[in-house]
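Architecture at a glance
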Amino acid sequence: METEKKDIRALTKEQLRNFFVQQGDKAFRGNQVYEWLWQKSAHDFDAMTNISKETRKMLEDNFVINHIRVDQMQRSSDGTIKNAVRLHDGLVVESVLIPTQTRTTACVSSQVGCSLDCRFCATARLKRMRNLNPDEIYDQVVAIDNESRLYFDRPLSNIVFMGMGEPLMNYNNVLKAIDKITSPEGLGMSPKRIVVSTSGVPKIIKKMADEEVKFGLAVSLHSAIDEVRTSIMPFNSTFPLKDLREALEYWYSKTKNRITYEYVVWKGINDTQEAADALVKFCKFAPSKVNIIEYNPIDEGEFQQANGDAVEMYQKTLERNGITVTVRRSRGKDIDAACGQLANKN
Ligand code: SAH
């Protein structure tokens, strides 16, 4: 029986160098192949033109390159691009390129589906199928960087982990991907241009703080009142606000990095003064700012965007208390590329 070939991209540079030494070749060959895999994004061994035919054949016999494939690309009328990305085992995730005047942001997925059950999010309905590998996350970023250069004539400038999945439930792989993205041997991007968004897993937030990571942290809060939050984000009963708050205070004490809270205001759920006051109180635990995001409907009206007055009430309440707040418009709604809409519809 043929043994299953190993994904060559699961090897570190050191392991790849050792492999060549074991083969009686030079360690330096490992560097060359590594460069093909990570800087030149080779999809197959035959692309490695400075490697001899025999060596390429030997690699072919031992390894596979599990590269992602962009199956379908959709463009929104506002310039947003959504990629349907096929993985080596046939599963599909989505990633999004969001252009503005000055930036190109990649919104990437960390899991196929999601294990959380946020009632307002389309991805939650897919359930979690599996975690993405570090290279599957990295490849999404490279694909968007290429599209940014092709369509907007500039490299990718920012990355947000706000696609499918809960990044802190796949923390090790997300961290490995970020290492590659920020390494000079990968894309050489600054970690300051990367934001990881989470529904809030206290233990992992503390771990990130201990590791003094350099990327930004966003928390999808949506309510600072436990009963309300649990009713729309049921996992809040496992990780209540008290634990989240404690982890966030710890995060700030270690990293001195301000936290961003993402917040949607819904009719009849959190559109009251009391809810806004609770948010203000929560924001005071650790330096933070609030992004109020528009609701992107995914259902038959169980959740509805609150009216403009309620959003204005939030804005005023936060500002009066010295908390920075921005109100964001959705991008890519017409192609189901906006927050919470990623569900492999096509
Ligand atoms: N699991 C991570 C990252 C993915 S969600 C997290 O929870 O942060 C990215 C953002 O979109 C989150 O803030 C999420 O709460 C928000 N979101 C989910 N569904 C939405 C919807 N239908 N409309 C607007 N925002 C939504």
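Residues numbered from 1 in each chain as written. Predicted model: local features only at pLDDT ≥ 70, side-chain atom pairs only at ≥ 80, totals over all residues. Heavy atoms only, no water.

**Quick notes on the packing of aromatic side chains**
All chains considered together, the criterion is met by 13 aromatic pairs. Aromatic side chains Phe 19 and Phe 63 sit 5.1 Å apart centroid to centroid with 70 degrees between the ring planes, which places their arrangement in the edge-to-face category. With Phe 19 in helix α1 (residues 13-22) and Phe 63 in strand β2 (residues 63-64), this pair connects stretches of sequence that are 44 residues apart. Across the pair, Phe 63 and Phe 19 agree in class, each one buried. Among the aromatic residues, those joined into a cluster by ring pairs are Phe 120, Trp 266, Tyr 295 and Phe 303. Across from the ring centre of Trp 36, 4.0 Å away, lies the NZ or CZ of Lys 40, which sits over that ring. One Lys or Arg, Lys 180, reaches over the ring of Trp 38 and ends 4.1 Å from the middle of that ring. (Phe/Tyr/Trp six-rings, centres within 6.5 Å; stacked < 30°, edge-to-face > 60°. Helix = DSSP H or I, 4+ residues; strand = E, 2+ residues; numbered from the N terminus. Buried < 20%, exposed > 50% of the residue type's maximum accessible area, 1.4 Å probe, protein only. Lys NZ or Arg CZ within 6 Å of the ring centre and 35° of its normal.)

**Overview of the side chain of Ser 110**
Mapped onto the elements of the fold, Ser 110 is located in the loop between β6 (104-107) and β7 (111-112). For Ser 110, a relative accessible area of 2% corresponds to the buried category. Apart from residues no more than four positions distant in its own chain, Ser 110 is found in contact with Asn 131, Leu 132, Ile 137, Met 164, Gly 165, Glu 166, Pro 167, Asn 170 and Val 174. (Contact = heavy atoms within 4.5 Å.)

**Describing the nonpolar core**
Judged by nonpolar contacts, the single largest core of 91 residues is most densely connected at Ile 8, Ile 159 and Val 290. A total of seven residues in this core trace back to one element, the largest contributor, which is helix α9 (residues 273-283). For this core, the two domains that each supply at least three residues are domain 1 (6-64) and domain 2 (69-335). When residues no more than four places from it in sequence are discounted, the contact partners of Val 290 are Tyr 261, Tyr 263, Leu 279, Cys 283, Leu 318, Ile 323, Thr 324, Val 325 and Thr 326. One finds Cys 118, Cys 121, Ile 232 and Val 264 within the second-largest nonpolar core, a separate group that totals 16 residues. (Core = buried A, V, L, I, M, F, W, Y, C linked by side-chain atoms within 4.5 Å. Domains from an automatic or database assignment.)

**Description of a nonpolar patch on the surface**
Together, Val 70, Met 73, Leu 150 and Tyr 151 line one region of the surface with nonpolar side chains, adding up to about 350 Å² of accessible area. Those elements that place two or more of their residues in the nonpolar patch are β3 (69-75) and α4 (134-152). Tracing the backbone shows Met 73 in strand β3. Of the residues examined, Met 73 reaches a relative accessible area of 31% and is grouped as partly exposed. (Patch = residues over 30% accessible without salt bridge, like charges linked within 9 Å, V, L, I, M, F, W, Y side chains within 5 Å. Areas by Shrake-Rupley, 256 points an atom, 1.4 Å probe, with all protein chains shown as cover. Salt bridge = Lys/Arg side-chain N within 4 Å of Asp/Glu carboxyl O.)

**Some points on unusual backbone geometry**
One non-glycine residue, Asp 153, lies in the positive phi region at around 60 degrees. Structurally, the position occupied by Asp 153 is in the loop between α4 and β9 (158-161). The exposure class of Asp 153 is exposed, given its relative accessible area of 72%.

**Quick look at the sheet that holds strand β10 (residues 194-198)**
The mixed open sheet is built from 10 strands, whose spatial order is β3-β4-β5-β6-β9-β10-β11-β12-β13-β14. The sheet terminates laterally at β3 and β14 (324-328), the two strands that pair on one side only. Within the sheet, the average angular offset between the axes of one strand and its neighbour, ignoring direction, is 20 degrees. Direction of pairing for strand β12 (residues 259-263) relative to strand β13 (residues 288-293): parallel, over a ladder of five bridges. Along β13, the bridge assignment pairs Thr 260 with Lys 289. Along the sheet, helix α5 (residues 171-182) contacts β9 and β10; its crossing angle with β10, the most-contacted strand, is approximately 170 degrees. (Pairing = 2+ DSSP bridges. Axes fitted to C-alpha atoms, helices over the stretch in contact; angles between N-to-C directions.)

**Section: the packing of helix α6 (residues 202-210) against helix α8 (residues 241-255)**
Two elements in contact, α6 and α8, have axes separated by 9 Å at closest approach and are oriented at 5 degrees. When the axis of α6 is compared with that of α8, the two are roughly parallel. Counted together, Pro 202, Ile 205, Lys 206, Met 208, Ala 209 and Asp 210 of α6 and Asp 243, Leu 244, Glu 246, Ala 247, Leu 248, Tyr 250, Trp 251, Lys 254 and Thr 255 of α8 form the full contact between these two elements. Across the contact of α6 with α8, the residue classes tally to nine nonpolar, one polar and five charged. (Parallel < 35°, antiparallel > 145°, perpendicular 65-115°, else oblique. Nonpolar A, V, L, I, M, F, W, Y, C, P; charged D, E, K, R; others polar.)

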